[in-house]
Structures are given as structure tokens and as C-alpha cells.
Number of protein chains: 2
Amino acid sequence: MKAVLILSGGMDSTTLLYDLIDQGYEVSAITFDYHQKHKKEIACAQKTCAKLSIPHKIVNLSVLNDLAPSSLTRADRDVPEGHYAEESMKQTVVPNRNMVFLSLAASYAIGIGAGHLFYAAHAGDHAIYPDCRPVFVSAMSTAFHLCDWNDLVLQVPYLMLSKGDIAKKGIGLGVDYANTWSCYKGKERSCGKCGACTERLEAFREAGAADPLEYEP
Amino acid sequence: MKAVLILSGGMDSTTLLYDLIDQGYEVSAITFDYHQKHKKEIACAQKTCAKLSIPHKIVNLSVLNDLAPSSLTRADRDVPEGHYAEESMKQTVVPNRNMVFLSLAASYAIGIGAGHLFYAAHAGDHAIYPDCRPVFVSAMSTAFHLCDWNDLVLQVPYLMLSKGDIAKKGIGLGVDYANTWSCYKGKERSCGKCGACTERLEAFREAGAADPLEYEP
């Protein structure tokens, strides 16, 4: 079955890529460059697709940065430190980001005749990102049934999993986590302090494994 | 009340702009440049916004042309002639176009603190464009209630009107239809034969008025 996966280059979507290949899907990946500070994730997505021989489309979406400023994209706004689920993390919300990604990925999926669209939202995202919540996924799922004359099925298989569960699954699938990126600051090494690092380190602890990435001391 | 309107520069959305101003909305307009052959509509949108002193954002969305080819955007595909509601018009469907437009317009609306998002789908669109149908609008409306922590209301007031009804309304509102564009071919003068021209001429006939645009002989 033909499927399109929104691949950020982070842990979750990279795990889902391995998972879908394992399940026998014929996957095409799509990655969005919206001038995020953590551009390293895009390079990771590229390497992973090259390694796994997956067709990969990188979409220049600088317009999102222009339309919807957030601390993830603007040089003049600092990325907050602390736990991913804290109120301060709301500064990292790019308004309606997932609907924009999903809608463009759907255009692509319809264009290449893929009947399935995957993204890797997970349970840890719900508190901060409104567009990762099950109710949002459910509404979008209905919209995807109706946006084209052919059916397009939205699949979000990690929606109720924690990031730790995803890491466990990925370790079992042989995911190369050295080639994934999470840190929102996007410097040479991961900061270990921003919401994305905190959550990533927590996930590896939960999975009882070591994170292969290097962190700032 | 602050509102964002998706303005193509065609008859319907231009009429809706006049209508919203008349109703007292504080409107910002957003127009998408997806390398459509009928780029003239963008120039019309610009002129209308300048004339009415409406903030206007033009978004470069050439990526949609790349992701989702259609006869509206590709030089190597001819725009079909004939009635708008015919099967052949399906070649003019840009897959999932309206969801892409709506999702980016919503990012913009959330960013500027507008609680209302308008687009001008109408009853004549339903047969050919899946993403103009009431069921699609209803699903997107739900998704917009959920995509952000604040509510965003999707409004599609012309959904059950014919294009003739819209023309009648617009004539009453003093819309300058000489400064709107419909023809899909986007040449010097309107072709009078493509689906968009056929529908436009029908609308003016229904409204009992003359179309101020010039047509090819």
C-alpha cells in the first residue's frame, strides 16, 4: 500500500518510518523546511531516507515563518528551557502548523495516488500542541475523507503512546537514533535543557537505553 | 470583529470582501500565488485591496504547483473548455487546494488575533470541487475549533448561493467587477469558453446585468 509520511527527522517520525517499512508500506516521505532553528532535523531526515532508499520530498515553507511567528523560527525570540509540558512551552507553538503540514502532505499524497497519510503525533504532545490532540486528529481525519473524490486515510498510530514507548519500539526496529535530532536550539550539540531535549532524555531513560547524541556539558 | 478573508481576486471572494466591510468586519485579506495560469486575478485582488484600504498578504505558494500538478498550473496541460459542472472540469482540480489555503490562512488569522476566517465557496462549486462541498466545510469547521487553544470560526456565507445570487448581491454592494478576473486561461482578454468564463457569463445573465470585462471575439 502506498503511503506518505510526514518526516521531521526527529525520533518519533523516524521511528514511524522504520515501522511502516517493517509493515510493508510503500512509503514516500515529505519534510517541511519552515526556517526552524533546529534545521539539523532536516539533514537527519535526508540521511535516513537516503540510507533506507525512500523517496523524499523537502518542501520550502518559509512562508509559514512569515505568516505565523514563533520562538521556534524567529531569531529575536528565545527558545524556552524546561519541561516540554510546561506553560512556557506554548511559545514554541507554530500556529496551526500541523494542519498546514497535513494539508500539503495530502496534496502530495493525492497527486502520487497514495491512499494513506501518516504523522507521528504522540501522547506527550497533547498538553502543549492543540494540533496533536486526538480530537484534532479525529476532525482532520473526517476532512481527509472529504477533501478529494478518492478516500485518503489519516493514520496517527502513536497518538496514545508516550515518547518512551516509541523509543522502545524503535530500538526493537533498529532505528539509528544517532541520525535523529530533537533539540530546538539547533546548535552543534544538543542543549539538554529545552523542552525537546528534556523529553528526549526522559524517553531514553524510560526505554532503559542510552541516547547516542552528544550533549553540551 | 477581526476577520481574515481568502481573496482570489475572482467575483465571489471580491463580493464577499465588500460584503464583510459592509457588515463592519475589520478584514485582512490573504491571496495565494500558486503559479496559476490566471495570475491576473492576483493583480485584481491587489487593486481591490488598495482601493478599499484593506491589509493584504500575498503568499508565494509555488510549492503547491510542485506537489500537486493540475491543468490550472502546468503549461503542458490544456485548460478544458465547456461548462463548469462537466466531468472534464475535474482536470482543473488542484488536489486539496482549499485545505492548504484554509490552513495557511488560519495560521495567519491566529497570528494576528482574528477570530473569524472567511472563504467564498458557493453552490456551483460542489459538483466538481470536493473541497467546496458543505460536508467538507463542516469537517474543516470542526478542525478549526480544535487547531488552536483559542477558537477560530470558519464562515462560508455563500455556500448555498449560486454565482448569479452572488452577482446580484455584489451589484447591490457596488462591487467593481471590472476589477475581478475569472478566466482560467489568463490571456489578455477572457476566453469566454473555459469553465470559469462560462459560469461567470451565466451569473451575469442570471443577475440581469452586463459583465464589464472584455471577451475574445
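Procedures and definitions
Residues numbered from 1 in each chain as written. Chains lettered and ligands numbered in written order. Predicted model: local features only at pLDDT ≥ 70, side-chain atom pairs only at ≥ 80, totals over all residues. Heavy atoms only, no water. UniProt positions renumbered as here; feature names shortened; annotations may be inferred. Helix = DSSP H or I, 4+ residues; strand = E, 2+ residues; numbered from the N terminus. Buried < 20%, exposed > 50% of the residue type's maximum accessible area, 1.4 Å probe, protein only. Contact = heavy atoms within 4.5 Å. Areas by Shrake-Rupley, 256 points an atom, 1.4 Å probe, with all protein chains shown as cover. Phe/Tyr/Trp six-rings, centres within 6.5 Å; stacked < 30°, edge-to-face > 60°. Pairing = 2+ DSSP bridges. Axes fitted to C-alpha atoms, helices over the stretch in contact; angles between N-to-C directions. Lys, Arg positive; Asp, Glu negative; His and termini not counted. Salt bridge = Lys/Arg side-chain N within 4 Å of Asp/Glu carboxyl O. Buried area = accessible area lost by both parts, 1.4 Å probe. Polar contact = N/O pair within 3.5 Å; in protein donor to acceptor, adjacent residues only side chain to side chain. Nonpolar A, V, L, I, M, F, W, Y, C, P; charged D, E, K, R; others polar. Least-squares fit on C-alpha atoms with pLDDT ≥ 70 in both.

As recorded in UniProt, chain A goes by 7-cyano-7-deazaguanine synthase and comes from Methanoregula boonei. The Catalytic activity field of the UniProt record for chain A holds the comment "7-carboxy-7-deazaguanine + NH4(+) + ATP = 7-cyano-7-deazaguanine + ADP + phosphate + H2O + H(+)". Of chain A, the UniProt comment under Pathway reads exactly: "Purine metabolism; 7-cyano-7-deazaguanine biosynthesis."

Draft legend 1. Structural context of the overall build of chain A. Each helix and strand counted, chain A has 7 helices and 5 strands in total. Here chain A holds 217 residues, and the buried ones make up 58% of them. Sequence separation of at least 24 residues holds for 72% of the intrachain contacts in chain A that already meet a minimum separation of 6. Surface exposure of chain A reaches about 8,200 Å², of which carbon and sulfur atoms provide 50%.

Draft legend 2. Spatial organisation of the environment of Asp-22 of chain B. Relative to the elements of secondary structure, Asp-22 of chain B occurs in helix H1 (residues 11-22). Taking the C-alpha atoms as reference points, Asp-22 of chain B and Leu-173 of chain B, 151 residues apart in sequence, are found 8.0 Å from one another.

Draft legend 3. Quick peek at the environment of Ala-3 of chain A. All names here are of chain A. If you trace the backbone, Ala-3 turns up in strand S1 (residues 2-6). Take Ala-3: its relative accessible area is 1%, and that puts it in the buried class. Taking the C-alpha atoms as reference points, Ala-3 and Val-27, 24 residues apart in sequence, are found 4.9 Å from one another.

Draft legend 4. Highlighting the packing of aromatic side chains. Within the structure shown, the criterion is met by 8 aromatic pairs over all chains. With a centroid separation of 5.1 Å and 75 degrees between ring planes, the pair formed by Tyr-25 of chain B and Phe-118 of chain B is classed as edge-to-face. Here the residue Tyr-25 of chain B occupies a position in the loop between H1 and strand S2 (26-33), and Phe-118 of chain B occupies one in strand S4 (residues 116-118), the gap between them amounting to 93 residues. Exposure remark for Phe-118 of chain B: the relative accessible area of 2% places this residue in the buried category. Taken together through their ring pairs, the aromatic side chains of Phe-32, Tyr-34 and Phe-101 of chain A make up a single cluster.

Draft legend 5. Representation of the sheet that holds S4 of chain B in the model. All names here are of chain B. Within the open sheet, the 5 strands sit side by side as S3-S2-S1-S4-S5. Their pairing is parallel. In this open sheet, the two edge strands, each paired with only one partner strand, are strand S3 (56-60) and strand S5 (153-155). The average undirected angle you get between the axes of adjacent strands in this sheet is 25 degrees. Relative to S5, S4 runs parallel, the two being bridged by 3 bridges. Residue pairing in the sheet places His-116 in a bridge with Val-153 of S5. Along the sheet, H1 contacts strand S1 (2-6), S2 and S4; its crossing angle with S1, the most-contacted strand, is approximately 165 degrees.

Draft legend 6. Structural context of the UniProt feature "binding site: Zn(2+)" in chain A. Residues and elements named next belong to chain A. According to UniProt, the feature "binding site: Zn(2+)" maps to Cys-183, Cys-191, Cys-194 and Cys-197 in the numbering used here. Judged by relative accessible area, Cys-194 falls into the buried class, the value being 0%. On the secondary structure map, Cys-197 appears in helix H7 (residues 195-207). Not counting residues within four places of it along the chain, the set of residues in contact with Cys-197 comprises Cys-183, Ser-190, Cys-191, Gly-192 and Tyr-215.

Draft legend 7. Molecular detail of the side chain of Asp-131 of chain B. Tracing the chain through its elements places Asp-131 of chain B in the loop between S4 and helix H5 (134-146). Buried Asp-131 of chain B, no salt bridge; nearest opposite-charge side chain is Arg-97 of chain B, N-O distance 5.7 Å. Apart from the residues lying within four places of it in its own chain, the contact partners of Asp-131 of chain B are Cys-147 of chain A together with Asn-96, Arg-97, Asn-98, Met-99, Tyr-119 and Phe-136 of chain B.

Draft legend 8. Highlighting the interface of chain B and chain A. Contacts between the two partners involve 38 residues from chain B and, on the opposite side, 38 residues from chain A. For the pair chain B and chain A, the summed buried surface comes to about 3,100 Å²; carbon and sulfur atoms form 73% of the total. Among the residues chain B hides against chain A, the three largest losses belong to Leu-67, Leu-146 and Trp-149 of chain B. Together they make up 23% of the total. Seen at the junction of chain B and chain A, the total is 2 salt bridges. A salt bridge links Lys-57 of chain A to Asp-66 of chain B; the nearest nitrogen and oxygen atoms lie 3.4 Å apart. Inspection of the chain B/chain A interface yields 9 residue pairs in polar contact (both at pLDDT 80 or more). Counting residues per element, the ones that place at least two in the side of chain B that touches chain A are S3, helix H3 (62-67), helix H4 (97-112) and H5 of chain B. Here the residues of the side of chain B that touches chain A sort into 26 nonpolar, 6 polar and 6 charged.

Draft legend 9. Here's a closer look at unusual backbone geometry. You will see that Asn-96 of chain A, though not glycine, has its phi angle at about 60 degrees, which is positive. By secondary structure assignment, the location of Asn-96 of chain A is in the loop between helix H3 (62-67) and helix H4 (97-112). Phi is positive for Ser-53 of chain B, close to 55 degrees, though the residue is something other than glycine. Relative to the assigned elements, Ser-53 of chain B resides in the loop between helix H2 (40-52) and S3.

Draft legend 10. Representation of the relation of the copies chain B and chain A. Least-squares fitting of chain B to chain A yields an RMSD of 0.0 Å, with the superposition described by an axial translation of 0.0 Å and a rotation of 180 degrees. This pairing of chains is accounted for by a two-fold axis. Taken together, the interface assignments show that 100% of the residues at the interface of chain B recur at the interface of chain A, consistent with an identical surface on both copies.

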